[in-house]
Amino acid sequence: MATSPQEQIVVDMFAALDHLQPEPFFEFFSDDVTIVDEIGKKWLRGKAEAVATWTPILAAMQSCKSTLYGFHVDGAGDISIVTCMLDQTYVYEGQSISLTAPTTCLTRKDNGGWKIILVHSIPFAEN
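Quick caveat, the model's predicted, so the values are computed rather than measured. (Residues numbered from 1 in each chain as written. Predicted model: local features only at pLDDT ≥ 70, side-chain atom pairs only at ≥ 80, totals over all residues. Heavy atoms only, no water.)

Chemist: Account for empty space enclosed by the protein, with residues named and values stated.
Modeler: The final tally for this structure, using the stated rule, is 1 cavity of 30 Å³ or more. For the largest cavity, the lining is made up of 21 residues, of which Phe14, Leu17, Val36, Glu38 and Trp54 are closest to its centre. At the level of elements, α1 (5–18), α2 (22–27), β1 (29–37), α3 (47–60), β4 (79–92), β5 (95–110) and β6 (113–121) are the ones that each hand at least two residues to the lining of the largest cavity. In terms of residue class, the lining of the largest cavity is made up of 18 nonpolar, 2 polar and 1 charged. (1 Å grid on protein atoms, 1.4 Å probe; cavity = no way out; pocket = protein on both sides within 12 Å on 5 of 7 lines; lining within 4 Å. Points joined across faces, edges and corners; volume = space filled by probe spheres on them. Helix = DSSP H or I, 4+ residues; strand = E, 2+ residues; numbered from the N terminus. Nonpolar A, V, L, I, M, F, W, Y, C, P; charged D, E, K, R; others polar.)

The structure is reproduced here in structure tokens:
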């Protein structure tokens, strides 16, 4: 169980990803979100670019399972840093991929709720 609203939004965002549901997944992001796109190997800047890039990616995924652990939340006013570890397995275009990635999300208070403004998750290299 999440210990803070900032941790909970990260947990909920990955749960929406696991269900491969684009609309709920994108609702967790601010309009000015910045995301590392692991598949495309680039930065996505802004919700519109994230939607345009990730909608076809989600459509090409057959499954996704994310496990998050080792949370730490540090806040200053309306901004919080949420760090955790991500173990994830997904099938994309028929290829099964498993990864472990240190993950950082920045959250910002927005109209009384929390939105994610940064997702920085870079998988460890395979051995």
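Chemist: Give me the layout of surface pockets: which residues, what numbers.
Modeler: Each pocket or cavity is described by its volume, and for the largest pocket that value is around 260 Å³. Taken together, 14 residues line the largest pocket, and the ones lying closest to its centre are Glu38, Leu99, Pro123, Phe124 and Glu126. Mapped by element, the contributors of at least two residues to the lining of the largest pocket are β1 and β5. By residue number, the principal contributor to the lining of the largest pocket is β5, which donates 4 residues. Counted by class, the lining of the largest pocket contains 7 nonpolar, 2 polar and 5 charged residues.

Chemist: I'd like a rundown of the packing of aromatic side chains, residues and numbers included.
Modeler: How two aromatic rings sit relative to each other is set out by the distance from centre to centre and by the angle between their planes. A complete count under the given rule lists 4 aromatic pairs for this structure. Plain terms: the ring middles of Phe25 and Phe29 are 5.2 Å apart, the flat faces sit at 85° to each other, and that makes the pair edge-to-face. The exposure class of Phe25 is buried, given its relative accessible area of 6%. A residue is classified by how much of its surface remains accessible, and Phe29, at 2% relative accessible area, is buried. One aromatic cluster in this structure is built from Phe25, Phe26, Phe29 and Trp54. (Phe/Tyr/Trp six-rings, centres within 6.5 Å; stacked < 30°, edge-to-face > 60°. Buried < 20%, exposed > 50% of the residue type's maximum accessible area, 1.4 Å probe, protein only.)

Chemist: Run through the sheet that holds β6, naming residues and quoting values.
Modeler: Spatially, β2-β1-β6-β5-β4-β3 is the arrangement adopted by the 6 strands of the open sheet, whose pairing is mixed. The open sheet has two edge strands with one neighbour each: β2 (42–45) and β3 (61–76). Taking the axes of each pair of neighbouring strands and ignoring which way they run, one obtains an average angle of 20° across the sheet. Relative to β2, β1 runs antiparallel, the two sharing 4 bridges. Following the sheet pairing, Val36 is matched in β2 by Trp43. Each of β1, β2, β3 and β4 touches α3; the most contacted strand, β1, lies at about 55° to it. (Pairing = 2+ DSSP bridges. Axes fitted to C-alpha atoms, helices over the stretch in contact; angles between N-to-C directions. Contact = heavy atoms within 4.5 Å.)

Chemist: So what's going on with the pattern of salt bridges? Residues and values would help.
Modeler: Counted by the stated rule, this structure contains 1 salt bridge. Across the pair Arg108 and Asp32 runs a salt bridge whose closest N-O atoms are separated by 2.8 Å. Note that Arg108 is positioned in strand β5 and Asp32 in strand β1, a separation of 76 residues in sequence. By relative accessible area, Asp32 is classed as partly exposed at 43%. (Salt bridge = Lys/Arg side-chain N within 4 Å of Asp/Glu carboxyl O.)

Chemist: Could you give an account of the environment of Thr107, with specific residues and numbers?
Modeler: When you line up the elements, Thr107 lands in strand β5. Looking at Thr107, the relative accessible area reads 0%, which means it is buried. Taking the C-alpha atoms as reference points, Thr107 and Ala16, separated by 91 residues in sequence, lie 17 Å from one another. Residue contacts for Thr107: discarding those within four places in its chain leaves Gln6, Ile9, Asp78, Ile79, Ser80, Val82, Trp114, Lys115, Ile116 and Ile117.

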